[in-house]
Amino acid sequence: MPESKVPLKEVSRDGAINQMVQIARLEGIPTAWDRFQSQQPQCKFGWTGVCCRLCHMGPCRITPRASQGICGANADTITARNLLREIAAGTAAHSDHGRALAKTLKLVSRGQGGRYQIADPERLREVARVFEIKTDGREDLAIASDVADLFLAQFSWSEEPNSTLKLAPKKRQGVWKRLEMEPEGVDREVVELLHRTNMGVDHDYRHLILAGLKCSVADGWVGPMVATLVSDILFGTPKPVRSRVNLGVLSAEKVNILVHGHEPTLSEMLAMASQDEELIAYAREKGATGINLAGICCTANEILMRHGLPIAGNFLQQELAILTGAVEMMIVDVQCVMPSLPQVMRCFHTKLVSTSDIAHMHEVDRIKFDVHKGYQQACDLIRAAIDNFPNRDKDRVRIPKESMDIVAGFSNETIFHMLGGRFRSTFRPLNDAIIDGRIRGVAAIVGCTNPKIKVDDSHVRLAIELIKHNVLVLETGCAAIACAKAGLLVPEAALELAGPTLREVCEAVGIPPVLHMGSCVDNSRLLLAATNILNEGGLGQDLSDLPAAGAAPEWMSEKAVAIGHYFVASGLYVVLGHPLYVEGSENVNQLLTKEMEGITGGRFEWEPDPEEAARKMLEHIEKKRDALGINKKRERKLYDMKERRELE
Ligand code: CUV
Ligand code: SF4
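Summary of the structure given here. Source: prediction; values computed, not measured.

What counts, and at which threshold
- Residues numbered from 1 in each chain as written.
- Chains lettered and ligands numbered in written order.
- Predicted model: local features only at pLDDT ≥ 70, side-chain atom pairs only at ≥ 80, totals over all residues.
- Heavy atoms only, no water.
- Helix = DSSP H or I, 4+ residues; strand = E, 2+ residues; numbered from the N terminus.
- Rg over C-alpha atoms; globule rule 2.2 N^0.38 Å.
- Buried < 20%, exposed > 50% of the residue type's maximum accessible area, 1.4 Å probe, protein only.
- Contact = heavy atoms within 4.5 Å.
- Areas by Shrake-Rupley, 256 points an atom, 1.4 Å probe, with all protein chains shown as cover.
- Lys, Arg positive; Asp, Glu negative; His and termini not counted.
- Charge placed at Lys NZ, Arg CZ, Asp CG, Glu CD.
- Core = buried A, V, L, I, M, F, W, Y, C linked by side-chain atoms within 4.5 Å.
- Phe/Tyr/Trp six-rings, centres within 6.5 Å; stacked < 30°, edge-to-face > 60°.
- Lys NZ or Arg CZ within 6 Å of the ring centre and 35° of its normal.
- Donors = N, O, S within 2.8 Å, 3.2 Å for Na, K, Ca; no water.
- Near = heavy atom within 4 Å.
- Nonpolar A, V, L, I, M, F, W, Y, C, P; charged D, E, K, R; others polar.
- Domains from an automatic or database assignment.
- Pairing = 2+ DSSP bridges.
- Axes fitted to C-alpha atoms, helices over the stretch in contact; angles between N-to-C directions.

## With respect to the overall build of the chain
At step 1: Within the chain, the secondary structure is distributed over 27 helices and 16 strands.
At step 2: On C-alpha atoms alone, the chain measures out to a radius of gyration of 24 Å, which is about the 26 Å that the 2.2 N^0.38 rule sets for 648 residues.
At step 3: With respect to the three principal axes, the spread of C-alpha positions in the chain is 70 × 65 × 55 Å.
At step 4: Buried residues in the chain amount to 63% of all 648 residues.
At step 5: For the chain, the proportion of contacts with a sequence separation of at least 24, taken over those separated by at least 6, is 75%.
At step 6: Of the roughly 24700 Å² that the chain leaves accessible, carbon and sulfur atoms contribute 50%.
At step 7: Placing the 77 positive and 84 negative side-chain charges of the chain at their respective mean positions leaves the two points 1 Å apart.

Below is the structure:
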């Protein structure tokens, strides 16, 4: 169990965060770090996963003098069951997001989508073809209707494994079949986990963990996959865009509106409405110079990728954004929205509006979002935000100066295009670079920020260490925002930090060494990127053969638990910056961190030190390179690697 250290002054490597936390303390407005402190010491039983309250004979906990709960469940059963419930919750969250988008696509196909339309017909047809939906001679809307039906059918039970699994490499599909790990509907898998973990059902920790992995496959390869594909169809497939990131993007003169949460549906309309001439004129009437729409967390990533709109911050900056005193309105929907926001809001003029039927906050305004009226609702919200501008107390505005350039929007389609150059779309140059060792491998850094860790610090140090050793880094979610704030997502600056051969490749193609691939649901893009590399040839048959590794150094969400599991179920090596709540069971811990490699080909590792995490990921990557035989011809280079390590 790691010690929870309480950072007081330097809670983050980001100066904007430190500055705002100090201001909050001076003004007596509590933030996550203060509450973190008042939670110390955090419950040891919770930390190690051995507290059970699955039935009302309990709550029970495993202690040196009580090795079983009242029903006889031991530490293995209890930690495994608790873990499964986290996976189920994370999967449920992602899948609701995917389903909401598929429903919107269905409405659009019926002509009931209001201002929503098929923004990327080419992507629609490409997706339809993958799923053997007829496209020739058919209207976009007819195709969209079939695609939406197919996607909506992925959630409920079907007799067949989920259709979207076929996006995975053939060999991996075979592994899932052999392990009986093919999901048959996302809802079904979530329900089954809840059933299995109900008092008195599944008690074998191995059997439980494998079920958890099956559900996680329904997460990664189904729910978020649907979310990403439909977002691309409805809102456009991301292309590289330049923008800015950090609290400094807030404007002292403009009406600041923040979107925060996850579903991109309403934020798309807000992005459109924020350009409306009439509304901009209205903002001027109220004394502002314009409208500044920016984002927090994953909604931010969505509007950044597709509209180049700025990002105000990642997860732990949500309270701090309001604390700048410059935010007229924060519009939230679902997931990662802290319940503390109304309390911070009340200290300022900021209006908080919740927009999801399933996410209310006490005494907070809400609207009932309606796809059909989406654009009108967006206009109304912006108007209300403008009306709030005169209430801003200019003397209490303190916007940190920090803001950084960022290039984002690296969808697979874009990477194909950039790598292939003018003549054809292909991943070949990337594979060649990996095979000849100029790029050692590919690493994904994903996930949240967490007050247990100096905010952003592990993300940034891990990324720097990896690119220094010629590993191409792919990022999503708050990890991408963290590295963006540190300047790693601008080609120029970051290339200085990259190893010489990675730099050479990136310069030739014109990409940064750290690629922003989107929001958390876009971790599906990471799975597809890995699959594309594999399909390009020369690097094995299965995802577990790839010189690749994943990490979530500062994660906090149950969604991250599900994500970690689907990476492992896909055969990948995943390093978490702090362990899952399983350390109370030696067996479960061993299964996840050691034995799993012999089952799915992937496994977990817990490693709080980012440089050490990088070293372990590199070691894994070199191990895979050795197994592929691509290190043989390069004895000299391999020797250099070893030599370098010895020197360190
Ligand atoms: Ni969905 S899940 S804190 S916003 S990455 Fe950010 Fe990303 Fe974690 Fe949440
Ligand atoms: Fe205790 Fe067993 Fe009930 Fe859990 S399920 S609370 S261990 S009696």
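## What to know about the nonpolar core
At step 1: Core analysis: the largest hydrophobic core is formed by 168 residues, its most contacted members being V147, W221, L466 and L580.
At step 2: In terms of residue count, helix 4 (residues 75-109) provides more of this core than any other element does, 9 residues in total.
At step 3: Residues contacting W221, with those up to four places away along its chain left out, are T164, L165, L167, A168, P169, W176, L527, T531, L543 and S570.

## Regarding the environment of V337
At step 1: Along the chain, the position of V337 falls in the loop between strand 7 (327-332) and helix 15 (341-345).
At step 2: The sequence separation of V337 and L580 amounts to 243 residues, and the corresponding C-alpha distance is 22 Å.
At step 3: V337 has contacts with H260, G261, Q318, V332 and M361, leaving out every residue within four places of it along the chain.

## Description of the packing of aromatic side chains
At step 1: Tallying each qualifying case throughout the model produces 7 aromatic pairs.
At step 2: Judged by centre distance (6.2 Å) and plane angle (85 degrees), the rings of W47 and Y581 are edge-to-face. In this pair, W47 sits in helix 3 (residues 44-48) while Y581 sits in the loop between strand 15 (573-576) and helix 25 (586-593), placing the two residues 534 residues apart along the sequence.
At step 3: For W47, a relative accessible area of 6% puts it in the buried group.
At step 4: With a relative accessible area of 38%, Y581 lands in the partly exposed category.
At step 5: Ring plane angle 20 degrees and centroid distance 5.5 Å describe the contact between Y566 and F567, whose orientation is recorded as stacked.
At step 6: For Y566, a relative accessible area of 0% puts it in the buried group.
At step 7: Positioned above the aromatic ring of F45 is the side chain of K44, whose terminal nitrogen or guanidinium carbon lies 5.0 Å from the ring centre.
At step 8: The lysine or arginine in question, K452, covers the ring of W47, its NZ or CZ lying 3.9 Å from the ring centre.

## Notes on the coordination of the nickel atom of ligand 1
At step 1: Coordination of the nickel atom of ligand 1 by the protein comes from H262 (NE2), C298 (SG) and C520 (SG), over a distance range of 2.2 to 2.7 Å.
At step 2: Taken in sequence order, the residues that donate to the nickel atom of ligand 1 follow the motif H-x35-C-x221-C. Of this pair, C298 sits in helix 13 (residues 297-307) while C520 sits in the loop between strand 13 (514-516) and helix 23 (523-536), and the two are 222 residues apart along the sequence.
At step 3: With a relative accessible area of 1%, C298 lands in the buried category.
At step 4: With a relative accessible area of 13%, C520 lands in the buried category.

## Description of the site of ligand 1
At step 1: Neighbouring ligand 1 are H262, C297, C298, F315, C336, G447, C448, C478, C520, M556, S557 and K559.
At step 2: Residues that form the shell around ligand 1 fall into these classes: 8 nonpolar, 3 polar and 1 charged.
At step 3: The residue makeup of the shell around ligand 1 includes at least three contributed by each of domain 2 (252-396) and domain 3 (423-628).

## A short note on the sheet that holds strand 11 (residues 441-445)
At step 1: In space, the 6 strands of this open sheet follow the order 13-12-11-14-15-16, with parallel pairing throughout. The open sheet terminates on both sides in strands that have one partner only, identified here as strand 13 and strand 16 (603-606). Neighbour-to-neighbour, the strand axes of the sheet open up by a mean angle of 25 degrees, direction not taken into account.

## Regarding the pairing of strand 16
Within a regular strand, side chains alternate between the sheet's two faces.
At step 1: Taking every second residue as pointing to the same face, both faces of strand 16 are buried, with R603 and E605 on one and F604 and W606 on the other.
At step 2: Of the pairings in the sheet, the one linking strand 15 to strand 16 comprises 4 bridges and is parallel in character. Residue pairing for strand 16: V574 is matched across the bridge by F604.

## Let's talk about the site of ligand 2
At step 1: All residues in the neighbourhood of ligand 2 are listed as C52, L54, C55, M57, G58, C60, G69, I70, C71, I78, R81 and M199.
At step 2: Across the shell around ligand 2, the residue classes break down as 9 nonpolar, 2 polar and 1 charged.

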